[in-house]
Amino acid sequence: MDILEDLNPPQREAVTHVEGPLLILAGPGSGKTRVIAHRIAYLVDTAGVAPWRIVSVTFTNKAAREMKQRVVAHLGGVASDLVLGTFHSICARLLRVEGERVGLPRAFNIYDDADQMALLKRAAADLGIDTKRFKERSLLSGISRAKSELLTAYDCARASHDYFSELVARTFERYQELLKENEALDFDDLIMRTVEMLRDHAEIREKYQERFLHVLVDEFQDTNIAQYQLARMFAAKHGNICVVGDPDQSIYSWRSADIRNILNFERDFPQARIVLLEQNYRSTQTILDAAHAVISGSKERKQKSLWTDQGPGEPIVTYEAYDEEEEAGFVANEILSLLKGGHDYGDIAVMYRTNAQSRAIEEALIAANIRYQLVGGTRFYERREVKDLLAYLRLVHSPFDAVSFTRVVNVPGRGVGAKTLADLERWARKMNVPVYTALQVLAGQETGRASVGTRAERHPVGARQARSLIGFLRMLDELIDVAAKNNLSTLLDGVLERTAYRRYLYEEFEEDEADERWANIQELQNVAAGYDGLAPGDALVAFLEDVALISDADTIAEGESDHGGRVTLITLHSAKGLEYPVVFMTAMEEGILPHMRSFDEPAQMEEERRLCYVGMTRAKERLYLLRAFRRYMMGASQHAPPSRFLRDIPPELLVQRSAVSDEAEAVQRGPQRFREAFRRGADGPPAERDEGGFRAGDKVRHPSFGDGVVVSCTPTGGDFEVTVAFKGGAGIKKLMLSFAPLEHA
DNA sequence: ATACACGCGCTTTTT
DNA sequence: GCGCGTGTAT
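Residues numbered from 1 in each chain as written. Chains lettered and ligands numbered in written order. Predicted model: local features only at pLDDT ≥ 70, side-chain atom pairs only at ≥ 80, totals over all residues. Heavy atoms only, no water.

Visitor: Explanation requested: helix H5 (residues 113–126) in the structure shown.
Guide: In an α-helix, one turn spans 3.6 residues, which is why side chains three or four residues apart end up on the same side. Compared with an ideal rise of 1.5 Å per residue, which puts 14 residues at 20 Å, H5 spans 20 Å between its outermost C-alpha atoms and is within 8% of the ideal. By the burial criterion, the buried members of H5 are Asp-115, Gln-116, Met-117, Leu-119, Leu-120, Ala-123 and Ala-124. Its side-chain oxygen 3.1 Å from the backbone nitrogen of Ala-114, Asp-112 forms the N-cap of H5. A positive phi of about 65 degrees marks Gly-128, the residue just after H5. (Helix = DSSP H or I, 4+ residues; strand = E, 2+ residues; numbered from the N terminus. Expected span 1.5 Å × (residues − 1). Buried < 20%, exposed > 50% of the residue type's maximum accessible area, 1.4 Å probe, protein only. Polar contact = N/O pair within 3.5 Å; in protein donor to acceptor, adjacent residues only side chain to side chain.)

Written out as structure tokens, the structure reads:
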């Protein structure tokens, strides 16, 4: 079979082991996606398995798409019969098909994080919870964690052991009621309800268990208990379950991913074949050695090696910048010379621990005129204008969706304020009907003439407000009508037209901001147009579902080597599964990587280590490990010592880069020396060495910004803020200098 | 009902 | 340094 030819022996074993459970432990860059794709092709071509009897679960939609492409390359069109997607998308599909039989509304909406928060706030408010003391976010994550272990609100209540967990249980119960009222499922529900459905309904369970001859799970180390349970249920009849993962790349425990699943797998399937993929086809030996040195610092880890026959390649470049601005400047400069050296924009990624760090990098890249794409941050589908329009579409799909209703009932403004809305909601609750129904009743009362008593006795809303509300209801009904008869583009046009959304944008925002937001809406129209081939009802369902389950990482442009490439700015988490010839890891500092929130939890510290490992192993040819001497965090400038992970890397693998060696060395030695270097740098006479630091007119030289003149120096707390005008393009910079001797020296 | 001003707490990571 | 919620003035 020719598909086996270009595989190494363990890969070949992983592909051809057809019968029975299989655990593939695959190091980074070991070709695991290829192995899965080949395995699917092998199952179909050689083992004669019908594609529709194979279910293959990936972590992101992008991974699913990639997988599909690869399988199509082997198998052609029949690949479209595969059940291939993320846990969430596969479950959503299953629930659409079977959900009605188990009591799910036929048109449920899927709530994303923001919707969940909105709902949770209501639940907390209903219960009178002091959200100053108990954060909505932690209540929600408590609920989420419970669901990912298949626990119900009732289970939680029984297991609650302190006040907080009791509160979580109570909030959970109310939150779940609200979801039901709104005809919505959250992310965790998608999994949990599917598991419950299969558990409680024998005929549905048997149907799928009979059907799924082979189950494949990628990124197994990132699955939670519920997902593992689901995979096991899928595979229960035929027992052909193949999971692929790498414990060293487990970085999602905060999302309830349970590293124990791998151990449990070995326990649940003692006869499972285990295959280790250790040969790396991605990185140079230098990068692998450094990454290995970092991950080896982890305790309780299965010893696993990584090797390549590629040779050592370039040393890893480290650099300590003065602050994040200079760090970003270094990145930009280095990118420019890489581009000159023949690299393409698409070859390069800049990675960071937290999204907030992207700003400094972005500014530097803009200044240097370097094209980039930002992954994460304010995502397209989280933009206000996009969410508004989606809320309209969701209302059309399911008018009982109160979260969407609340969002747009007064957007654009139509004179329905918070008070009116609250009155309406209270009234609806009194009658024990959804808000939408209450609104219909209200409309009936206002239009019908046979009214008894005063208006206030019927509904609690003022006349003007009632008119606005009825207008909104009529519009919604019209749109529902439009949706039934027309394609999705027409529906979206209808929404825009009837709401005069464009006018609203230009009234609400400055012109250029309105332009930008309108462009986003046009982009949304482009996406919607892609569904115009489907029947009206199906298109809306498919569109809303795709949008709810899509993540930003799914839209990363492929690093095509044409001239349209862009430098990628991405968090370490989102970078998992990707690879780039050149990788910059920024902010290799204590407090950032590892993050300060991990300091008191050894298990979390281990996860930070794995995160660092994941980042390093994204690099194919060149790796940069950068840090800044001080960094602005939460408004204040703070000194950050180098990351402990840097210390684990053998020095012979590293080369320290500096712009001007003397000064750069001073930077590394701390502010005292740095200041001296600063003074010494220029040709003028040294300023008086009084405690005030610099004086206006002092000539200075900075390792990155070059020569400059001090404009002012003002003491702020224990520090001095020095403003320097630099010659050439660097402009005026403010630098913070500290006189306190630092542990750094 | 809306518009603006002020204070507060906080930032991990995302399907 | 920013977004959010609360408070006050039109």
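Visitor: What exactly am I supposed to notice about the sheet that holds strand S2 (residues 54–58) here?
Guide: To summarise the sheet geometry, strands pair through backbone hydrogen bonds and adopt either a parallel or an antiparallel arrangement. If you trace the 6 strands from one edge of the open sheet to the other, you get S3-S2-S6-S7-S1-S8, paired in parallel fashion. This sheet does not close on itself; its edge strands, each paired only once, are strand S3 (83–86) and strand S8 (273–277). Across the sheet, the axes of successive neighbouring strands diverge by a mean angle of 15 degrees, strand direction being ignored. Of the strands in this sheet, S2, S3 and strand S6 (214–217) touch helix H4 (residues 87–98), which is tilted by about 120 degrees from S3. (Pairing = 2+ DSSP bridges. Axes fitted to C-alpha atoms, helices over the stretch in contact; angles between N-to-C directions. Contact = heavy atoms within 4.5 Å.)

Visitor: Quick question: what am I supposed to make of the pattern of salt bridges here?
Guide: It is possible for side chains bearing opposite charge to pair when their charged atoms get close. Throughout the structure, instances matching the rule amount to 46 salt bridges. The salt bridge involving Glu-545 is made with Arg-96; its shortest N-O contact spans 2.6 Å. Remark: Arg-96 occurs in helix H4 and Glu-545 occurs in helix H25 (residues 536–549); sequence separation between them is 449 residues. Where Lys-237 meets Glu-210, a salt bridge forms, and the shortest distance between an N and an O atom there is 2.4 Å. One end of the pair, Lys-237, is in the loop between helix H11 (225–235) and strand S7 (241–245); the other, Glu-210, is in helix H10 (residues 202–211), and 27 residues separate them in sequence. With relative accessibility at 37%, the residue Glu-210 sits in the partly exposed group. (Salt bridge = Lys/Arg side-chain N within 4 Å of Asp/Glu carboxyl O.)

Visitor: What should I look at first to understand the pairing of strand S13 (residues 580–585) in this one?
Guide: Taken residue by residue, a regular strand's side chains alternate between the two faces of the sheet. For S13, the tally of buried residues reaches 6 of 6 residues, placing the bulk of the element in the interior. Examined bridge by bridge, strand S10 (residues 348–352) and S13 share 4 bridges and lie parallel to one another. For Met-351, the partnering residue across the bridge sits in S13 and is Met-585. Pairing of S13 with strand S14 (residues 619–628) involves 5 bridges; the strand directions are parallel. Among the inter-strand pairings, Val-582 is bridged to a residue of S14, identified as Arg-622. With helix H27 (residues 602–616) bridging S13 and the parallel S14, this β-α-β connection has right-handed handedness. (Right-handed = clockwise from strand over helix to strand, strands pointing away.)

Visitor: Is there a simple way to explain the nonpolar core in this structure?
Guide: Here is a general trend for soluble globular proteins: nonpolar side chains tend to be buried in one another's company. Leu-390, Leu-393, Phe-405, Leu-491, Leu-524 and Phe-543 are the most contacted members of the largest nonpolar core, which totals 56 residues. Looking at this core element by element, the count peaks at 10 residues for helix H21 (residues 463–485). If near-sequence neighbours (up to four positions away) are discounted, Leu-393 is found in contact with Leu-491, Leu-492, Val-495, Leu-540, Phe-543 and Leu-544. Of all hydrophobic cores here, the second largest spans 41 residues; its members include Leu-25, Cys-91, Leu-94 and Leu-95. (Core = buried A, V, L, I, M, F, W, Y, C linked by side-chain atoms within 4.5 Å.)

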